[in-house]
Amino acid sequence: QRAASEPAGETLTGALRVVGSCQLVRMLAPKLSALHIGQDAGPTLWGCGHRQLRVRPRVRPTVLPSQSRRFLRGAQCTTLDNPASVNSSAAPDLVHTDLYTIRSSEVGLEGKVEPPALCNLLQELATDHVGQYGLAFEDLKDKETVAWVLSRLRLRVKDWPKWRDSVTIRTWPHELQRLLAIRDFRVFDSDGNEIAEATSSWLCIDLGKKRPVRIPASVRQFYDRALEAHTEVMGMPVPEHAIPDALDTKLDARIEAISKSSEAVEIKKITFPVRRADIDLNRHANNAAFVAWCFESVPPAVWADKQMVDMEISYQSECFYGDTVTSVTHQIAEEGRDARAVLTLSHTLTNGDGKTLARMCSEWV
């Protein structure tokens, strides 16, 4: 409120000085993170993650544009503890940003963040974004009797963050189709360099019938209002698609062709039970667990000699506690690309009945 009432020239740095509680910091995070200049550039201002406020000392104070001050004056304060209390007239943020510090539990043998851990961070940010406006799991379950389910995920990594690194992750809804919601992500290091990008598609599943349904009107209203606020009120461009045409390829056919190729070699196969730790709020295995299971059949020699730079996973069926999962990885001959050798692997997950749970393709250099 103070930031909105100060005369022109008041800075975000000054606005942040009045923040005195953790809850207020969490409340203001999406508003202030949406106000900084240049959505497609690296993060230049601040982030709020793991319930700590972090101000980037190398950044000079940024003057609030007049449009932004008017936007803040009209915004109603709410808390994450009660998403339903959001004023329906307050425009949601199209782009949501948060700052995370990589913890020791999220890194592997090489001290770099593990792919499933990074996937979990992406999911957490997406959940935070929709949760601020009453569209998270618990809200849709009660209001619409549906739940969000990840259908596909494409992730490209230029540089894996290490233990104790600070990363800024930005997410936004790219497109709403009839059944699919497309959401993008970009990940930046502490210097503002983009180190990863991802695009994902999500389904709304009827919890009773276990079938995909059309995206609820409440979700479409959220997207329309956020897009209008971002472009017309804030005067900012819509972010570009993180990975253009990433989800247009027929991944299942590609993986099938790889596994049946005369050059394909089954390099590892492993069977294991679904653990209780793999289960999420939907009472089935979390999407990041599927990623971990696919990589479980990657031989240690590949991990030691190469680095995963690209992966795409397609989720076929849900899996439950106590089920048996078989993970199989096939390898094809390395190919030269951009003056480097690229190793392509295909991964298939099946349950005890032989039903396909997921298919994934990964590239290593």
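Refer to the structure printed above.
Below: a short report on this structure. Because the structure is predicted, anything quoted here is derived from the model rather than measured. (Residues numbered from 1 in each chain as written. Predicted model: local features only at pLDDT ≥ 70, side-chain atom pairs only at ≥ 80, totals over all residues. Heavy atoms only, no water.)

**Thoughts on the environment of Val219**
Then, in step 1: Relative to the helices and strands, Val219 resides in helix H7 (residues 217-233).
Then, in step 2: Through-space distance from the C-alpha of Val219 to that of Leu135 is 7.0 Å; in sequence the pair is 84 residues apart.
Then, in step 3: Once you skip the residues sitting within four places of it in the chain, Val219 turns out to touch Leu135, Trp148 and Leu176. (Helix = DSSP H or I, 4+ residues; strand = E, 2+ residues; numbered from the N terminus. Contact = heavy atoms within 4.5 Å.)

**Comments concerning the side chain of Arg183**
Then, in step 1: For Arg183, the position within the fold is in strand S6 (residues 180-188).
Then, in step 2: Polar contacts involving the side chain of Arg183 include one to the side chain of Thr171, which spans 2.9 Å.
Then, in step 3: Contact partners of Arg183, with chain neighbours within four places excluded, come to Ala126, His129, Val130, Thr171, Trp172, Pro173, His174, Ala198, Thr199, Ser200 and Trp202. (Polar contact = N/O pair within 3.5 Å; in protein donor to acceptor, adjacent residues only side chain to side chain.)

**What about the packing of helix H5 (residues 115-131) against helix H9 (residues 287-296)?**
Packed helices, taken two at a time, are described by the angle between their axes plus the distance between the axes.
Then, in step 1: Running from N to C, H5 and H9 point in directions that differ by 165 degrees, and their axes come no closer than 9 Å. One element, H5, and the other, H9, form an angle in the roughly antiparallel class. The handedness of the crossing between H5 and H9 is right-handed. Each of Pro115, Pro116, Cys119, Asn120 and Gln123 in H5 lies in contact with H9, whose residues at this interface are Asn287, Ala288, Val291, Ala292 and Phe295.
Then, in step 2: Of the residues in the contact of H5 with H9, the class split is seven nonpolar, three polar and no charged. (Axes fitted to C-alpha atoms, helices over the stretch in contact; angles between N-to-C directions. Parallel < 35°, antiparallel > 145°, perpendicular 65-115°, else oblique. Left-handed = near helix turned anticlockwise from the far one by under 90°. Nonpolar A, V, L, I, M, F, W, Y, C, P; charged D, E, K, R; others polar.)

**Re the pairing of strand S5 (residues 166-176)**
Then, in step 1: Among the 11 residues that make up S5, eight are buried, leaving the element largely enclosed by the rest of the structure.
Then, in step 2: In terms of strand pairing, strand S3 (residues 96-101) meets S5 through six bridges, oriented antiparallel. Residue pairing in the sheet places His96 in a bridge with Thr171 of S5.
Then, in step 3: Across eight bridges, S5 lies against S6 in antiparallel orientation. Bridged to Thr171 within S6 is Phe185.
Then, in step 4: Taken together, S5 and the strand that follows it, S6, pair antiparallel across an intervening segment of three residues. (Buried < 20%, exposed > 50% of the residue type's maximum accessible area, 1.4 Å probe, protein only. Pairing = 2+ DSSP bridges.)

**Things to note about unusual backbone geometry**
Then, in step 1: A positive phi angle is found at Arg164, which is not glycine, with a value near 75 degrees.
Then, in step 2: With respect to the secondary-structure elements, Arg164 resides in the loop between strand S4 (146-157) and S5.
Then, in step 3: Unusually for a residue other than glycine, Lys210 sits at a positive phi of about 60 degrees.

By themselves these figures say nothing about function.
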